[in-house]
Amino acid sequence: PPKDDLRGCCVVTGMLAESWPPDDEQVLLRRVAPGGSACAAGDTPDSIYYVRRGLVKVVRYSESGGEVLIDYYPEGTLFGGLCFCQWPVCEEDIAREVAFAVKDSEIIVMTFARFIKYISAQPEALLGLLADYCRRLATARNRIESLVLYQAEERLVRALLLLAAQHSDTNDVVHLR
């Protein structure tokens with residue numbers, strides 16, 4: 001994979017990653033065409049992926065072979081082996097996921113250990129990661145709440161509003177009552 005100057009890379013919070021030298025052998029830049037795999041056979045099981053540009057979807061396959069969307073990861077988000085708790089259930093679920101580029105994408109690949117080293121030296125990145133996890137938790141709670149409390153029509157409306165909010169550039173909020 002090509003090595004590029006990664007100083008313009010924004011990690012988690014949108015800040016410049018000036019502490020990442022372009023010759024860091026533990027950080028790779030991968031360009032992926034639409035439909036291409038964001039992960040490569042040579043990636044370590046604990047690889048972390050940062051979507052520098054583009055959009056990635058993560059899917060799993062049902063027993064019948066159908067594709068089930070797990071999540072979308074737009075520019076500025078992380079996916080992969082982000083299990084800080086080392087709980088086997090987390091690691092098993094991640095191992096069954098497959099990531100594809102939805103549009104032309106640039107993916108930064110590093111090991112979990114390299115990522116921990118980076119965020120340990122960059123408190124702003126750690127706060128950004130925490131904010132990203134909070135957004136993901138709120139999204140998961142919203143999805144669970146919809147499944148448990150609402151009929152199909154309202155679940156659909158809530159899912160569409162959630163998708164719109166996730167892909168919006170503004171902080172507008174719509175409340176359903």
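Residues numbered from 1 in each chain as written. Predicted model: local features only at pLDDT ≥ 70, side-chain atom pairs only at ≥ 80, totals over all residues. Heavy atoms only, no water.

Participant: Lay out the overall build of the protein in plain terms, naming residues and giving numbers.
Facilitator: Within the protein one finds 4 helices and 7 strands. Along the protein, from the amino end to the carboxyl end, the secondary structure elements read β-β-β-β-β-β-α-β-α-α-α. The 177 residues of the protein split such that 32% are buried. For the protein, the share of sequence-separated contacts (at least 6 apart) that also reach a separation of at least 24 residues comes to 67%. Of the roughly 10,900 Å² of accessible surface on the protein, a fraction of 58% belongs to carbon and sulfur atoms. (Helix = DSSP H or I, 4+ residues; strand = E, 2+ residues; numbered from the N terminus. Buried < 20%, exposed > 50% of the residue type's maximum accessible area, 1.4 Å probe, protein only. Contact = heavy atoms within 4.5 Å. Areas by Shrake-Rupley, 256 points an atom, 1.4 Å probe, with all protein chains shown as cover.)

Participant: Explain the packing of helix H2 (residues 112-121) against helix H3 (residues 123-149) residue by residue, including any values.
Facilitator: Running from amino to carboxyl end, H2 crosses H3 at an angle of 110°, the nearest separation of the two axes being 5 Å. Relative to H3, the element H2 lies roughly perpendicular. Residues Phe115, Tyr118, Ile119 and Ala121 of H2 form the contact with H3, whose participating residues are Pro123, Ala125, Leu126 and Leu129. (Axes fitted to C-alpha atoms, helices over the stretch in contact; angles between N-to-C directions. Parallel < 35°, antiparallel > 145°, perpendicular 65-115°, else oblique.)

Participant: Summarise the pattern of salt bridges; cite the residues concerned and give the values.
Facilitator: The tally for this structure, following the rule as stated, stands at 6 salt bridges. One salt bridge in this structure joins Arg30 and Asp43, with 2.8 Å as the shortest N-O distance. Highlighted residues: Arg30 in strand S3 (residues 27-32) and Asp43 in the loop between S3 and strand S4 (47-61), separated in sequence by 13 residues. Note on accessibility: Arg30 and Asp43 belong to one class, buried. In this structure, Arg143 and Asp71 form a salt bridge, with 3.9 Å as the shortest nitrogen-oxygen distance. On the criterion of sequence distance, the pair formed by Arg143 in helix H3 and Asp71 in strand S5 (residues 67-74) is long-range, its members being 72 residues apart. Since its relative accessible area comes to 35%, Arg143 is described here as partly exposed. (Salt bridge = Lys/Arg side-chain N within 4 Å of Asp/Glu carboxyl O.)

Participant: Describe the nonpolar core, with residues and values.
Facilitator: By size, the foremost hydrophobic cluster in this structure holds 14 residues, and its most contacted members are Ile48, Leu78, Ile108, Met110, Phe115 and Ile119. When residues of this core are traced back to their parent elements, those giving at least two are S3, S4, strand S7 (98-111), H2 and H3. Among the elements that make up this core, the one with the highest residue count is H2 (4 residues). Counting 12 residues, the second largest nonpolar core, distinct from the first, contains Ala38, Val58, Ile107 and Val109. (Core = buried A, V, L, I, M, F, W, Y, C linked by side-chain atoms within 4.5 Å.)

Participant: Can you break down the pairing of S5 residue by residue, with the values?
Facilitator: In the sheet, S4 pairs with S5 via 7 bridges, with the strands oriented antiparallel. Bridged to Lys57 within S5 is Tyr72. As consecutive antiparallel partners, S4 and S5 are separated by 5 residues, and within that stretch Gly65 has a phi angle of approximately 95°, a positive value. (Pairing = 2+ DSSP bridges.)

Participant: Account for a nonpolar patch on the surface, naming residues and giving values.
Facilitator: On the surface, Ile144, Leu147, Val148 and Leu149 cluster together into a nonpolar patch covering about 450 Å² of accessible area. Within the fold, Val148 resides in helix H3. (Patch = residues over 30% accessible without salt bridge, like charges linked within 9 Å, V, L, I, M, F, W, Y side chains within 5 Å.)

Participant: Explain the confidence of the model for the protein residue by residue, including any values.
Facilitator: Summing up the model confidence of the protein, the mean pLDDT is 77 and the portion of residues at 70 or higher is 74%. Considering only residues more than four positions removed or in separate chains, one finds that residues 1-23, a stretch of pLDDT under 50, has 61 contacts. (pLDDT = per-residue confidence, 0-100.)

Participant: Describe H2, listing the residues and the values that go with them.
Facilitator: Every α-helix carries 3.6 residues per turn, so stepping three or four residues along brings you back to the same face. Listed in full, the buried residues belonging to H2 are Phe112, Arg114, Phe115, Tyr118 and Ile119. The buried residues of H2 occupy an angular sector of 155° when projected down its axis, which confines them to one face. In H2, the exposed residues that point more than 90 degrees away from the buried face are Ala113, Lys117, Ser120 and Ala121. (Arc of directions from axis to C-beta.)

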